[in-house]
Amino acid sequence: MTTQAHPAPQYVRVAVERGIDRYPDGLTYRVDAAIGAVVLGDHIEVPLGRGDSRVEGVVVATGGPELLDRNLDPKNVKAILGVDRSQRALPETVVRLAQWISSYYCAPLGVTLMSITPSAVRKGVGSVRRLLVDLASPQPAGTLHPKRRAVIDTLSERAPSERPVDAEELRELCGLATRAPIQALIKSGHLTASHRSQVQARWKAEATPEASPPQPTNEQAAVLSAIEPCLAAGFSQHLLFGVTGSGKTEVYLRLAQRVLESGRSVLFLVPEIALTPQTCSRISARLPMHPMAILHSGLTQAQRHEQWLASAQTRATIVVGARSAVFAPIPEGVLGLVIVDEEHDSSYKQDQAPRYHGRDVAIRRAQLAKCPVLLGSATPSLESWWNATSRGLSSLHTLKQRAPGLRNPRVEIIDFRVESRLRPDRRVHLVGPTMELALRRAFDDGGQAIVLLNRRGYANWIACPDQACGWMMRCDHCEVGMVVHLRSPEGGALRTTRCHHCQAQQKVPTRCPRCSKGVSVFGLGTQRVEEELSRLFPDIASSGGIVRVDSDTMSTASDFHRALGGFARGEVRLLLGTQMIAKGLDYPNVRVVGVISADTALNLPDFRASERTFQLVSQVSGRCGRGDNPGRAIIQTFQPDAAPILAAAAQNYARFAKEECAIRERYGLPPATRMARIVVRHAVRDEAERVAKRLSADLTRVDAAREIEVRGPAPCPIARIADRWRFQIELIAPTAAILQRMLAASRSAGILVPGETVAVDVDPVALL
Ligand code: ADP
Ligand code: ZN
Ligand code: ZN
């Protein structure tokens with residue numbers, strides 16, 4: 001916790017919860033003496049606006065009259081209403097981090113600060129007031145009733161450092177039926193009473209004790225000895241590039257152990273869906289002496305609150321979590337290492353304001369905490385690769401070999417133009433003969449398999465078969481096609497259509513509304529693959545051996561954990577799903593990994609399409625070959641010659657990265673440049689366009705030195721979502737600093753006002 005140099009600050013700068021963008025750093029309020037001390041990071045209540053409505057806020061600066069704007073009369077400065085003492089003040093680094101996010105990602109500071117603290121913590125979910133008692137000194141004279149005497153004796157046996165004691169615990173220790181004797185002793189002045197808020201929902205990862213950690217391989221040892229000297233040397237940035245199964249986690253664990261043993265904390269970020277019990281128990285099995293806090297969406301509100309407090313009070317020194325765990329309230333000076341596993345994963349990017357990238361915030365946090373940050377991946381993002389290889393911003397460490405006992409999977413590219421013609425019947429098949437045979441062999445040998453298709457639902461085209469008519473079913477609210485879903489797995493005939501962008505649903509029409517011909521349903525989705533696999537492997541399907549994992553079947557984290565548990569125990573033979581199953585899974589019995597269509601990502605109108613395709617194919621291929629059997633990865637595609645597919649098959653990241661970076665450089669795209677994407681949204685199409693045009697002209701004027709390329713406005717690839725028309729402007733700058741300068745100038749001039757209509761996305765990851 002931060003302490004103030006001067007006893008009672010007269011003024012504070014406050015970021016309020018409301019979405020107003022008071023750039024750069026909040027509103028000034030007076031602190032009256034009656035309120036007591038207010039420190040940076042405190043949660044407070046202030047009056048806002050003409051009606052002085054009560055709103056929540058966070059203190060982002062404390063001080064004297066220097067906080068007053070020059071043109072502000074001290075008489076007009078309002079006083080804060082109160083401090084929420086039930087919440088701890090945010091650590092200074094976390095406040096600084098929020099300020100950085102607000103400025104870098106163009107998000108209002110108040111919104112950013114509020115989104116940093118889980119709502120369970122803000123609302124105090126699960127928190128109870130505990131009574132604590134201690135011996136009063138001196139003890140009043142006189143004899144005591146035996147029950148009361150026993151209480152005093154029990155307490156006296158405790159070392160002073162282990163007091164005060166929870167009254168409830170004391171009651172149990174003394175074998176008392178009620179707390180009446182304790183209450184009486186407080187009244188008679190024998191005991192002193194105090195209170196503490198405590199969150200009770202304990203949550204513990206199940207740990208399977210590890211026999212003995214493996215001896216590091218030569219490669220691992222080399223990486224360790226390169227990074228270890230940096231552990232106590234302030235900020236440094238490292239990229240660990242290691243093929244899947246090369247033992248990156250082993251490296252993380254050894255470094256984490258070093259840091260923990262030196263008495264500091266470790267922040268360990270993983271993509272949300274990699275937060276499996278498998279990952280957590282592996283960490284706690286290796287580091288049983290170091291309590292762990294876990295922050296993810298599968299916890300109850302009270303558990304989340306408890307885990308948050310555990311990291312604030314350093315009862316837990318290793319904090320594991322998804323994106324938002326980067327804000328864990330680890331106190332000043334305690335954080336010793338930040339790890340970002342699977343740093344390329346797009347789930348690190350938040351898709352609503354503040355649109356931050358968890359990896360980049362993690363780097364910033366390490367800078368503020370003056371400790372090293374280690375990013376790891378088998379397929380690093382080109383941004384991280386560029387930083388390590390072209391800009392010297394981070395050191396590159398490489399693990400080329402898979403860990404002892406693991407073999408490289410055999411990656412086979414299947415030309416689906418050929419395979420789809422091999423079937424004797426005229427039906428459309430999603431699983432070609434090669435994949436079918438490989439799966440059959442794997443199952444016959446008692447093995448398991450993973451099949452991936454990155455698209456939910458049953459089929460994604462509903463259209464008139466008559467090309468002259470050309471009708472296609474579109475969402476009423478978005479400029480996209482509807483997707484057919486089977487309503488329930490059993491009632492296969494019951495079908496509905498859904499929009500994947502606004503969740504609208506409609507019935508599947510039987511006839512074309514324009515020409516009354518019977519409609520066709522085609523395209524692909526995981527439900528359809530499930531149907532086909534069940535037809536191909538009826539014995540396995542009927543015993544529940546095929547499980548589909550996508551966001552339709554997995555509504556909570558525990559659904560996902562349950563499915564993986566079944567797979568780990570071998571009850572599930574085939575996992576089929578979207579990219580949820582492409583990462584982090586480590587099961588030795590997986591013999592075959594199938595990709596139904598490597599083309600789904602490749603054809604998106606997004607400059608990262610190649611990069612995503614490469615990542616997906618490489619990551620999923622890495623899921624096999626973990627046992628003694630090398631395993632086969634079978635990749636179906638209509639574009640077998642596409643560069644990312646060939647590079648992924650050859651398992652050659654470096655070649656892919658070199659070629660792709662050259663292309664990005666040629667077209668002036670990140671990572672060679674920096675981009676901000678501005679999307680203007682409005683219910684009236686012309687209005688959206690008008691605002692976007694004016695904004696684009698204003699932005700061009702701000703950039704007097706012509707350092708920035710302003711592209712657009714143009715309709716977004718998805719021109720309307722949920723009844724709002726969308727126009728985009730892309731800003732492309734040679735460096736982040738130039739981009740930041742321009743964004744800041746536009747915000748303080750009131751040209752760029754992020755909010756309902758205008759969404760700003762700095763370093764965008766998705767461009768639809
Ligand atoms: P990655 O994180 O790169 O995918 P892991 O750390 O999960 O790789 O390692 C893959 C497997 O190899 C794990 O089962 C791990 O226990 C094992 N392993 C890692 N390093 C070694 C080593 N030095 N000796 C033996 N086994 C190892
Ligand atoms: Zn829609
Ligand atoms: Zn028609």
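Details of the structure are given in the entry above.
## Here's the deal with the coordination of the zinc ion (ligand 2)
When a metal holds four donors in a tetrahedron, each ideal angle between them is 109.5 degrees; when it holds six in an octahedron, the ideal angles are 90 or 180 degrees.
Then, in step 1: Only Cys475 (SG), Cys478 (SG), Cys499 (SG) and Cys502 (SG) from the protein reach the zinc ion (ligand 2) as donors, at distances of 2.2 to 2.3 Å.
Then, in step 2: With four donor atoms in place around the zinc ion (ligand 2) and angles of 104 to 114° between them, the coordination shape is tetrahedral.
Then, in step 3: Mapping the donors of the zinc ion (ligand 2) onto the primary sequence gives the spacing C-x2-C-x20-C-x2-C. Residue Cys478 is found in the loop between strand E18 (461-463) and strand E19 (483-486), and its partner Cys502 is found in the loop between strand E20 (495-498) and strand E21 (505-507); the two are separated by 24 residues along the sequence.
Then, in step 4: Assessed through its relative accessible area of 1%, Cys478 is described here as buried.

## As for the site of ligand 1
Then, in step 1: Around ligand 1 lies a shell of 19 residues, among which Gln215, Gln220, Gly245, Thr249 and Arg282 are the nearest.
Then, in step 2: With respect to ligand 1, the backbone of Gln215 contributes an N or O atom lying 2.8 Å from a nitrogen atom.
Then, in step 3: Between ligand 1 and Lys248, the relevant distance is 2.9 Å, taken from an oxygen atom to a main-chain nitrogen or oxygen of the residue.
Then, in step 4: When ligand 1 sits alone it has 560 Å² of accessible area, and the protein chains cover 79% of it.
Then, in step 5: Top contributing element to the shell around ligand 1 by residue count: helix H8 (residues 248-261), with three residues.
Then, in step 6: Of the residues assigned to the shell around ligand 1, the class counts are six nonpolar, eight polar and five charged.

## So, the nonpolar core
For soluble globular proteins, the rule of thumb is that nonpolar side chains tend to be buried together.
Then, in step 1: Val338, Val361, Ile678, Leu731 and Val762 are the most contacted members of the largest nonpolar core, which totals 108 residues.
Then, in step 2: Beyond its immediate chain neighbours, meaning those up to four positions away, Val361 contacts Leu97, Trp100, Ile101, Tyr105, Val326, Phe327 and Tyr356.

## Description of the sheet that holds E19
Then, in step 1: Pairing is antiparallel in the open sheet, where three strands are placed in the order E19-E20-E21. The open sheet has two edge strands with one neighbour each: E19 and E21. Recorded for the sheet is a direction-independent mean angle of 40° between the axes of neighbouring strands.
Then, in step 2: Bridge analysis of E20 against E21 gives three bridges, and the strand direction is antiparallel. Its bridge partner lying in E21, Thr497 is registered against Gln506.

## Let's talk about the coordination of the zinc ion (ligand 3)
Then, in step 1: Protein coordination at the zinc ion (ligand 3): the donors are Cys464 (SG), Cys469 (SG), Cys512 (SG) and Cys515 (SG), at 2.2 to 2.4 Å from the metal.
Then, in step 2: Coordination at the zinc ion (ligand 3) is tetrahedral: its four donor atoms span angles of 98 to 117° at the metal.
Then, in step 3: A relative accessible area of 29% places Cys515 in the partly exposed class.

## Let's talk about the pairing of strand E28 (residues 709-721)
Looking down a regular strand, the side chains alternate between one sheet face and the other.
Then, in step 1: Relative to strand E29 (residues 724-733), E28 runs antiparallel, the two sharing seven bridges. Residue pairing across strands places Glu709 opposite Ile732, the latter belonging to E29.
Then, in step 2: Where E28 folds back onto E29 in an antiparallel hairpin, the turn is made up of two residues, including Ala722, whose phi is positive at roughly 45°.

## Topic: the packing of helix H1 (residues 92-104) against helix H23 (residues 736-748)
Then, in step 1: One way to put it is that H1 packs onto H23 with a least axis distance of 9 Å and a crossing angle of 85°. Considering their axes alone, H1 and H23 lie roughly perpendicular with respect to each other. Where H1 approaches H23, its residues Ser102, Ser103 and Tyr104 are matched on the opposing element by Ala736, Gln740 and Arg747.
Then, in step 2: When grouped by side-chain class, the residues that make up the contact of H1 with H23 number two nonpolar, three polar and one charged.

## Some points on empty space enclosed by the protein
Then, in step 1: The final tally for this structure, using the stated rule, is two cavities of 30 Å³ or more.
Then, in step 2: Surrounding the second largest cavity, Thr93, Ile330, Pro331, Glu332, Gly333, Val334, Leu335, Arg365 and Ala369 form its lining.
Then, in step 3: Looking at side-chain class alone, the lining of the second largest cavity contains five nonpolar, two polar and two charged residues.

## Here we look at the pattern of salt bridges
Working definition: two side chains of opposite charge can pair if their charged atoms are close together.
Then, in step 1: Inspection of the entire model under this criterion finds 43 salt bridges.
Then, in step 2: A salt bridge links Asp153 to Arg149; its shortest N-O distance comes to 3.5 Å. Placement of the pair is Asp153 and Arg149 together in helix H4 (residues 146-157), with a separation of four residues, close to one helical turn.
Then, in step 3: Here Asp153 falls in the partly exposed class, since its relative accessible area comes to 35%.

## What to know about the packing of helix H12 (residues 382-389) against helix H21 (residues 653-666)
Then, in step 1: H21 packs onto H12 with a crossing angle of 95° between their chain directions and a minimal axis gap of 11 Å. In terms of their interaxial angle, H12 and H21 are classed as roughly perpendicular. Side by side, H12 and H21 meet where Leu382, Trp385 and Trp386 of the first sit next to Tyr653, Ala657, Glu660, Cys661, Arg664 and Glu665 of the second.

## Observations concerning the packing of aromatic side chains
Then, in step 1: Enumeration according to the criterion identifies 13 aromatic pairs in this entry.
Then, in step 2: Geometrically, the ring pair formed by Trp100 and Tyr105 is edge-to-face, given 5.8 Å between the ring centres and 85° between the ring planes.
Then, in step 3: Judged by centre distance (5.1 Å) and plane angle (85°), the ring pair of Phe443 and Phe537 falls under edge-to-face. Highlighted residues: Phe443 in helix H14 (residues 433-444) and Phe537 in the loop between helix H15 (526-536) and helix H16 (538-542), separated in sequence by 94 residues. Like Phe537, Phe443 is buried.
Then, in step 4: Here the aromatic cluster, defined as three or more aromatic residues joined through ring pairs, consists of Phe241, Trp385, Phe614, Tyr653 and Phe656.
Then, in step 5: Just above the ring of Trp725 sits the side chain of Arg685; from NZ or CZ to the centre is 5.9 Å.

## Describing the sheet that holds strand E27 (residues 674-682)
Then, in step 1: Read from one edge to the other, the open sheet built from four strands follows the order E28-E29-E27-E30, with strand pairing classed as antiparallel. Strands with a single pairing partner mark the edges of an open sheet, and in this sheet they are E28 and strand E30 (758-762). Put simply, the sheet's adjacent strands are angled 20° from each other on average, direction ignored.
Then, in step 2: Strand direction decides the pairing type here: E27 and E30, joined by five bridges, are antiparallel. Bridge assignment links Val679 to a residue of E30, and that residue is Ala759.

Parameters and conventions
- Residues numbered from 1 in each chain as written.
- Chains lettered and ligands numbered in written order.
- Predicted model: local features only at pLDDT ≥ 70, side-chain atom pairs only at ≥ 80, totals over all residues.
- Heavy atoms only, no water.
- Donors = N, O, S within 2.8 Å, 3.2 Å for Na, K, Ca; no water.
- Tetrahedral: all angles 85-135°; square planar, octahedral: opposite > 155°, others 65-115°.
- Helix = DSSP H or I, 4+ residues; strand = E, 2+ residues; numbered from the N terminus.
- Buried < 20%, exposed > 50% of the residue type's maximum accessible area, 1.4 Å probe, protein only.
- Near = heavy atom within 4 Å.
- Polar contact = N/O pair within 3.5 Å; in protein donor to acceptor, adjacent residues only side chain to side chain.
- Areas by Shrake-Rupley, 256 points an atom, 1.4 Å probe, with all protein chains shown as cover.
- Nonpolar A, V, L, I, M, F, W, Y, C, P; charged D, E, K, R; others polar.
- Core = buried A, V, L, I, M, F, W, Y, C linked by side-chain atoms within 4.5 Å.
- Contact = heavy atoms within 4.5 Å.
- Pairing = 2+ DSSP bridges.
- Axes fitted to C-alpha atoms, helices over the stretch in contact; angles between N-to-C directions.
- Parallel < 35°, antiparallel > 145°, perpendicular 65-115°, else oblique.
- 1 Å grid on protein atoms, 1.4 Å probe; cavity = no way out; pocket = protein on both sides within 12 Å on 5 of 7 lines; lining within 4 Å.
- Points joined across faces, edges and corners; volume = space filled by probe spheres on them.
- Salt bridge = Lys/Arg side-chain N within 4 Å of Asp/Glu carboxyl O.
- Phe/Tyr/Trp six-rings, centres within 6.5 Å; stacked < 30°, edge-to-face > 60°.
- Lys NZ or Arg CZ within 6 Å of the ring centre and 35° of its normal.

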